[in-house]
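One letter stands for each residue in the lines below.
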Amino acid sequence: MMAIAIASMTMTACSLDSYEPEKPFTTDPVGKAHLWCIGQPGTRSVTDVEKFLFTDDDIEWFDLNTRELRFRDTMEPLREEIPLLTKIDFYLGGEHLFSGGATCVGLICSQMFDDLVLCCGKIDGEVIDDGRYYLYDCYPLQFIDTDEVKANRLRRASQWETFLKYMESKGKLK
């Protein structure tokens, strides 16, 4: 019995020397040099979650001043793809880009969000523009100077810089 125990401990010790932790499986269907966005699971089916909302190929440009994210005309409108208040995740090269994701909101939302949102539409004075998309630090914008929004913007600063550098490298930064 003692010999079996010693032999078993020796085999275990030898196998630990060559042990390499298994790398986590990651799905990167669009390649390491792409940006893409998916919706987080909720009441949607698994097949809906696996569907991309958009990739960087769908983005025409991003305007740093207005924060508008312009999509190509050939793309289906996002408001038809995902319901409002859905959490969405941005990925860059297989890595999660913005911690906490973003929330898809529209001009009809009466809720306040103190973190990143993908807003469908913009109210500019009396003009309502419902066909464009904006990446805002909060919603509505009147809360941009609150402590929570400032803290979230600071927490996300390096991720935001990565996003901007990527968009610039693709010639999509205005």
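Residues numbered from 1 in each chain as written. Predicted model: local features only at pLDDT ≥ 70, side-chain atom pairs only at ≥ 80, totals over all residues. Heavy atoms only, no water.

Draft legend 1. How the structure looks around the pattern of salt bridges. Enumeration according to the criterion identifies 8 salt bridges in this entry. With a shortest N-O distance of 3.5 Å, Arg153 and Asp137 are connected by a salt bridge. One end of the pair, Arg153, is in helix H4 (residues 147-155); the other, Asp137, is in the loop between strand E9 (127-136) and H4, with 16 residues separating them in the sequence. Taking relative accessible area as the criterion, Arg153 reaches 29% and is therefore assigned partly exposed. On the basis of relative accessibility, which here comes to 6%, the residue Asp137 falls in the buried class. Between Lys165 and Glu161 there is a salt bridge, with its nearest N and O atoms 3.1 Å apart. (Salt bridge = Lys/Arg side-chain N within 4 Å of Asp/Glu carboxyl O. Helix = DSSP H or I, 4+ residues; strand = E, 2+ residues; numbered from the N terminus. Buried < 20%, exposed > 50% of the residue type's maximum accessible area, 1.4 Å probe, protein only.)

Draft legend 2. Here's a closer look at the nonpolar core. In terms of nonpolar packing, the biggest core is built from 28 residues, with Leu35, Phe54, Phe90, Leu135 and Phe163 touching the most fellow members. Sorting elements by how many residues they give to this core places helix H5 (residues 157-169) first, with 5 residues. If we skip the residues at most four places from it in the chain, Leu135 touches Phe62, Arg67, Leu69, Phe90, Leu116, Val117, Leu118, Trp160 and Phe163. If you look at the next biggest cluster of nonpolar residues, it comprises 8 residues, including Val105, Phe113, Val117 and Cys119. (Core = buried A, V, L, I, M, F, W, Y, C linked by side-chain atoms within 4.5 Å. Contact = heavy atoms within 4.5 Å.)

Draft legend 3. Summary view of unusual backbone geometry. The omega angle of the peptide bond from Tyr139 to Pro140 is -10°, so this bond is cis rather than trans. Along the polypeptide, Pro140 turns up in the loop between E9 and H4. For Arg67, which is not a glycine, the phi torsion comes out positive at approximately 70°. With respect to the helices, strands and loops of the structure, Arg67 is situated in the loop between strand E3 (59-62) and strand E4 (69-71). Positive phi outside glycine occurs at Leu85, with the angle close to 70°. According to the relative accessible area criterion, Leu85 is partly exposed, its value standing at 42%.

Draft legend 4. Structural detail: a nonpolar patch on the surface. Among the surface-exposed residues, Leu84, Leu85 and Ile108 lie close enough to one another that they form a single nonpolar patch of about 300 Å² accessible area. Structurally, Leu84 can be placed in the loop between helix H3 (78-81) and strand E5 (87-92). According to the relative accessible area criterion, Leu84 is partly exposed, its value standing at 35%. (Patch = residues over 30% accessible without salt bridge, like charges linked within 9 Å, V, L, I, M, F, W, Y side chains within 5 Å. Areas by Shrake-Rupley, 256 points an atom, 1.4 Å probe, with all protein chains shown as cover.)

Draft legend 5. Geometry of the packing of aromatic side chains. Enumeration according to the criterion identifies 10 aromatic pairs in this entry. Between Phe71 and Tyr133 the ring centres are 5.4 Å apart and the planes differ by 80°, which places this aromatic pair in the edge-to-face class. On the criterion of sequence distance, the pair formed by Phe71 in strand E4 and Tyr133 in strand E9 is long-range, its members being 62 residues apart. For Phe71, a relative accessible area of 8% gives the class buried. Among the aromatic residues, ring-to-ring pairing joins Phe54, Phe62, Phe71, Phe90, Phe98, Tyr133, Trp160 and Phe163 into one connected group. Geometry around Trp61 places Lys174 over its ring, the cationic atom sitting 3.8 Å from the centre. (Phe/Tyr/Trp six-rings, centres within 6.5 Å; stacked < 30°, edge-to-face > 60°. Lys NZ or Arg CZ within 6 Å of the ring centre and 35° of its normal.)

Draft legend 6. Focus on the state of the cysteines. For the coordinates displayed, the defined rule picks out 0 disulfides. Cysteine Cys119 remains unbridged, with the sulfur of Cys120 as its closest cysteine sulfur at 7.0 Å. (Disulfide = S-S within 2.5 Å.)

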